[in-house]
Amino acid sequence: MRVGIPRSLLYYKYLPFWKTFLAELGLEVETSPLTNKKILSWGVEVAENELCVPVKAFYGHCMALRGKVDALFVPRVVSVEERAYTCPKFLGLPDMVAAVADQLELPPLLTPKLNQREKPREFKWQLINFAREEFGLSVLDAVSALEAATRAQKDYQKSLVAGRTPLDLLPASRLNRPRWKIEKKERKRIGLLGHPYNIYDGYITQNLIARLEEMGADLVVPEMTDHHVLMQEATDVPKQLYWTYEKEIMGAVNHWTRNRMVDGVIYVLAFACGPDSLVQVLIEHRARTHNVPLMSLTIDEHSGEAGLVTRIEAFTDMLMRKKKPAEAVA
Amino acid sequence: MKVTCPHMGHLHWMLDDLFGRLGVEYVKPPPTTTKTLTIGAKHSPEFACLPLKINIGNFIQGLDMGADTLIMAGGHGPCRFGYYGIVEERILRDLGYDFRFMMLEPFGDGKWAFYKTFETLSPGSLSLRKLWKILKVSFTKGRAFDQIHKRTLQVRAYEVNHGDTTRALREAEKMLTQAFTTEEIEEAGREALALIDNVEQDPERRVLKVGIVGEFFLLLEPFSNFGLEEALGHMGVYIERSVWVTDWIAPGRDNKIYGFHKDIVDGKAAPYLNHNVGGEGRETIGSIVLMAERKFDGIIQLLPFGCMPENIATSIIPKVQRDHDIPVLTLAFDEQTGRAGVITRVEAFLDLLSARRGLSLVGTNA
């Protein structure tokens, strides 16, 4: 049996885990191609207008896998740590896709539920039961599939913390490589903040990463910091934050500003992204009080290339000029 | 200490009662108006949901009236509501206001923390037992308010003299505010209901039966939806609404405003949305199914623009609509929304519903 994993949303976070797990269950895994014009316009056509662009793209990726696979993998990721949630869209995703599945002639959906909200270890049983019920595996085989998947994910995260990005590690993820590189001493460290499904999707962000590298950015991304450090850093608000992925973003910006790790931050957020719309207030406040230049870049399916290039050029130019007087004094 | 709280529908009646019993000075912000929203929207993030913008407006007006302590309800996700407090405090402090900020987290999250919040408000004499008793009486009052508002939505469609029901409601509200003990509240509740029932009605009138579902703030706060329910009533539409303030505070259990337990609603939603997605996402789907089964003519879904749980529901509604053959009108609101546009769309929708019913009646006669 062939199972399709849409190259969207949590793909950039958990692909090694899911791919290994499904392969160990004896399934062939197929991923959809990089987001392209056709995929995005499919998604935009089908999805509810007010949804954020990454969810729209997800619909498109599901459609791109039609006819190529026997089932689509659309897990319901409710919570990935204790006393926390992911964005509500992840909770409702299988239902949202199921609502259009007949109409679009999508293959059947595989929708295991992952919920670690009450008990952090519970997701193991959720996956073991999924393997038993859907594919008739024994508990022992399911456990060994799970262990292989956990190892793959650990290796992935180790490489990320060592400084590589999901674009380097996940197969064929880059839309474009930078055409030239600016000399090391002229580069600026720019923190690229945002959800992996926004910043690493080259088509949705108009090739943002390659463009920044061409403009002389040494990119720092949240994935380069250990998860525990991010969580620790995100505790400067009077209440436990309950969105894990936004907590990581908060943690990253706090970590970067506190340790002076970046010269500036570009914060990529999707239009109508619920969590980002509120977390934005906290992030912008943090950057302001720590005197780190921050540019919020809102993207959606209508984002124009020219507008984006102009804005990041202006921002990087500003960073370049900002440091010059200081160097002159030195 | 002068406490203020944002408005939400008739929640302030309940708060008035509660703070009175606790002996806390309550600065009631002026009723929400366009001015409130303008102030709030100016200082809120652009893509935040409408309720947050109105909250900010209420808080600023409350602070300007001399409040020094702000109370905001908390929550633990996954919808944006649980983050409101953190963000609102940040925004107001950045504006230069000085105040004490208190988040009232749900009772289930920790009874001690919940009690502590009230203990700080009313130090010294408040025991856990006393607090529980006070909350219970105030809650009874809240339920009585819900009952009379619920009845109003149904009676208004049949009223003979335009405006009679609204006048009776104001009278009934006054009656309830003056009730103090549980017995008095129950007594006043019965009399208030009778007052509304006694409005001169035309039982022969053929009315449309419309369900209102969606996100709680938009449903509970008439300002935010341009008083849609009253307008619908005057157009001769019988209304039931899926969420009420007492349901919202303590859902499930005994608060069956229309006789349906939360589990039944969730069960009806299950084939379409089989998980809680925060807010009223699941309740919206479940209520639509229930109302369709109870032969409502149509459904109106209200939500703030960008509301996450409701957007999930909106994505699923087309399938529910097809399966149950019920028309649904979705209306999203933000500070740019104009009343005329909303009313025009609602009128067109009602035309559609009348036409549908006309056609089906012809069908049965033939």
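Look up a bit, the structure's there.
Nothing here was measured: the structure is a model prediction, and the numbers come from that model. (Residues numbered from 1 in each chain as written. Chains lettered and ligands numbered in written order. Predicted model: local features only at pLDDT ≥ 70, side-chain atom pairs only at ≥ 80, totals over all residues. Heavy atoms only, no water.)

Caption draft 1: Structural context of helix H4 (residues 88-104) of chain A. All names here are of chain A. For H4, which comprises 17 residues, the first-to-last C-alpha distance of 24 Å matches the rise-based estimate of 24 Å (1.5 Å per residue) to within 8%. Of all the bends found along H4, the most pronounced is centred on Pro94 and spans about 40 degrees. The buried fraction of H4 is high, at 14 of 17 residues. Looking one or two places after H4, you find Glu105, whose phi comes out positive at around 55 degrees. (Helix = DSSP H or I, 4+ residues; strand = E, 2+ residues; numbered from the N terminus. Expected span 1.5 Å × (residues − 1). Bend = angle between axes of the 7 residues up to and from the residue. Buried < 20%, exposed > 50% of the residue type's maximum accessible area, 1.4 Å probe, protein only.)

Caption draft 2: A look at the interface of chain A and chain B. With 38 residues of chain A at the contact, the number on the chain B side is 41 residues. Taken together, the two surfaces of chain A and chain B that pack against each other cover about 3400 Å², and 68% of this comes from carbon and sulfur. Taken as a group, Glu50, Lys239 and Leu278 of chain A account for 19% of the area that chain A buries against chain B, more than any other trio of residues on that side. There are 3 salt bridges connecting chain A and chain B. A salt bridge links Asp94 of chain B to Arg288 of chain A; the shortest N-O distance between them is 3.1 Å. Of all the elements in the fold, those that place two or more residues in the side of chain A that touches chain B are strand S4 (76-79), H4 and helix H12 (274-289) of chain A. Considering every element that reaches the side of chain A that touches chain B, the biggest residue donor is H4 of chain A, with 10 residues. Of the residues that constitute the side of chain A that touches chain B, the class distribution is 21 nonpolar, 7 polar and 10 charged. (Contact = heavy atoms within 4.5 Å. Buried area = accessible area lost by both parts, 1.4 Å probe. Salt bridge = Lys/Arg side-chain N within 4 Å of Asp/Glu carboxyl O. Nonpolar A, V, L, I, M, F, W, Y, C, P; charged D, E, K, R; others polar.)

Caption draft 3: Seen up close, the sheet that holds strand S2 (residues 25-26) of chain B. All names here are of chain B. What the 4 strands build is an open sheet, ordered S2-S1-S3-S4; its pairing is parallel. The open sheet has two edge strands, S2 and strand S4 (100-104), and neither has a second partner. Relative to S4, helix H5 (residues 111-121) is tilted by about 145 degrees, and along the sheet it contacts strand S1 (2-4), strand S3 (69-73) and S4. (Pairing = 2+ DSSP bridges. Axes fitted to C-alpha atoms, helices over the stretch in contact; angles between N-to-C directions.)

Caption draft 4: A look at the nonpolar core. The biggest cluster of nonpolar side chains holds 200 residues, and the ones touching the most others in it are Leu192 and Ile266 of chain A together with Ile300 of chain B. Setting aside chain neighbours within four positions, we find Ile266 of chain A in contact with Ile190, Gly191, Leu192, Leu193, Leu212, Met295, Leu297, Ile312 and Phe315 of chain A. Listed in part, the 17 residues of the second largest apolar core include Val155, Leu169, Ala179 and Ala192 of chain B. (Core = buried A, V, L, I, M, F, W, Y, C linked by side-chain atoms within 4.5 Å.)

Caption draft 5: Highlighting helix H8 (residues 182-197) of chain B. Residues and elements named next belong to chain B. Helix length check: H8, at 16 residues, gives a terminal C-alpha distance of 23 Å against a target of 22 Å (1.5 Å per residue), a fit within 8%. Within the sequence span of H8, burial applies to Ile185, Ala188, Gly189, Ala192, Leu193 and Ile196. Seen from one end, H8 has its buried residues packed into an arc of 140 degrees, which puts them on one side. Those residues of H8 that are exposed and angled more than 90 degrees off the buried face are Glu183 and Arg190. Contacts from the buried residues of H8 go to helix H1 (11-22), helix H6 (128-155) and helix H7 (164-178). (Arc of directions from axis to C-beta.)

Caption draft 6: The pattern of salt bridges, seen in detail. Residue and element names in this part refer to chain A. A full pass over the atoms with the stated rule returns 37 salt bridges over all chains. Salt-bridge contacts for Asp218 lead to Lys184; the nearest nitrogen and oxygen are separated by 3.8 Å. With Asp218 in strand S8 (residues 217-220) and Lys184 in the loop between helix H7 (166-169) and strand S7 (188-194), the pair connects residues that are 34 residues apart, well separated along the chain. When its relative accessible area of 23% is taken as the criterion, Asp218 is described as partly exposed. Between Glu305 and Arg211 there is a salt bridge, with the nearest N and O atoms lying 3.1 Å from each other.

Caption draft 7: Inspection of empty space enclosed by the protein at higher detail. Residue and element names in this part refer to chain A. Counting across every chain of the model gives 4 cavities of 30 Å³ or more. Reported here for the largest cavity is a volume of approximately 110 Å³. For the largest cavity, the lining is made up of 14 residues, of which Leu10, Trp18, Phe58, Pro75 and Leu93 are closest to its centre. Broken down by secondary-structure element, the contributors of at least two residues to the lining of the largest cavity are helix H1 (11-24) and H4. The residue inventory of the lining of the largest cavity, partitioned by class, reads 13 nonpolar, 1 polar and no charged. In terms of lining residues, the second largest cavity is bounded by 13 residues, among which Cys52, Cys87, Lys89, Tyr197 and Cys273 are the most central. Put simply, the parts of the chain that give the lining of the second largest cavity at least two residues each are helix H3 (53-64), H4, helix H8 (196-199) and H12. The residue makeup of the lining of the second largest cavity, split by class, is 10 nonpolar, 2 polar and 1 charged. (1 Å grid on protein atoms, 1.4 Å probe; cavity = no way out; pocket = protein on both sides within 12 Å on 5 of 7 lines; lining within 4 Å. Points joined across faces, edges and corners; volume = space filled by probe spheres on them.)

Caption draft 8: Region of the structure containing the sheet that holds strand S5 (residues 109-110) of chain A. Residue and element names in this part refer to chain A. Taken together, the 4 strands give an open sheet; going across it, the order is S2-S1-S3-S5, and neighbouring strands pair in parallel fashion. In this open sheet, the two edge strands, each paired with only one partner strand, are strand S2 (28-31) and S5. As defined by bridge partners, strand S3 (residues 71-73) adjoins S5 across 2 bridges and the pair is classed as parallel. Following the sheet pairing, Phe73 is matched in S5 by Leu110. Across the sheet, H1 lies against strand S1 (2-5), S2 and S3, angled at about 170 degrees from S1, the strand it touches most.

Caption draft 9: Region of interest: the environment of Ile326 of chain B. Residue and element names in this part refer to chain B. Looking at the element boundaries, Ile326 is found in the loop between helix H14 (308-324) and strand S8 (328-333). For Ile326, a relative accessible area of 4% puts it in the buried group. When the C-alpha atoms of Ile326 and Met291 are compared, they prove to be 9.1 Å apart, with 35 residues separating the residues in sequence. Setting aside residues no more than four positions away along its own chain, Ile326 makes contact with Ile288, Ala292, Phe296, Asp297, Gly298, Ile299 and Gln321.

Caption draft 10: Seen up close, the packing of helix H13 (residues 281-293) of chain B against H14 of chain B. All names here are of chain B. Direction vectors running N to C along H13 and H14 enclose 20 degrees, while the axes themselves pass 8 Å from each other. As summarised for this structure, H13 and H14 are arranged roughly parallel, according to the angle between their axes. Crossing handedness for the pair H13 and H14: right-handed. Residues Gly281, Thr284, Ile285, Ile288, Val289, Ala292 and Glu293 of H13 touch H14, and the partners they reach there are Pro309, Glu310, Ala313, Ile316, Ile317, Val320 and His324. (Parallel < 35°, antiparallel > 145°, perpendicular 65-115°, else oblique. Left-handed = near helix turned anticlockwise from the far one by under 90°.)

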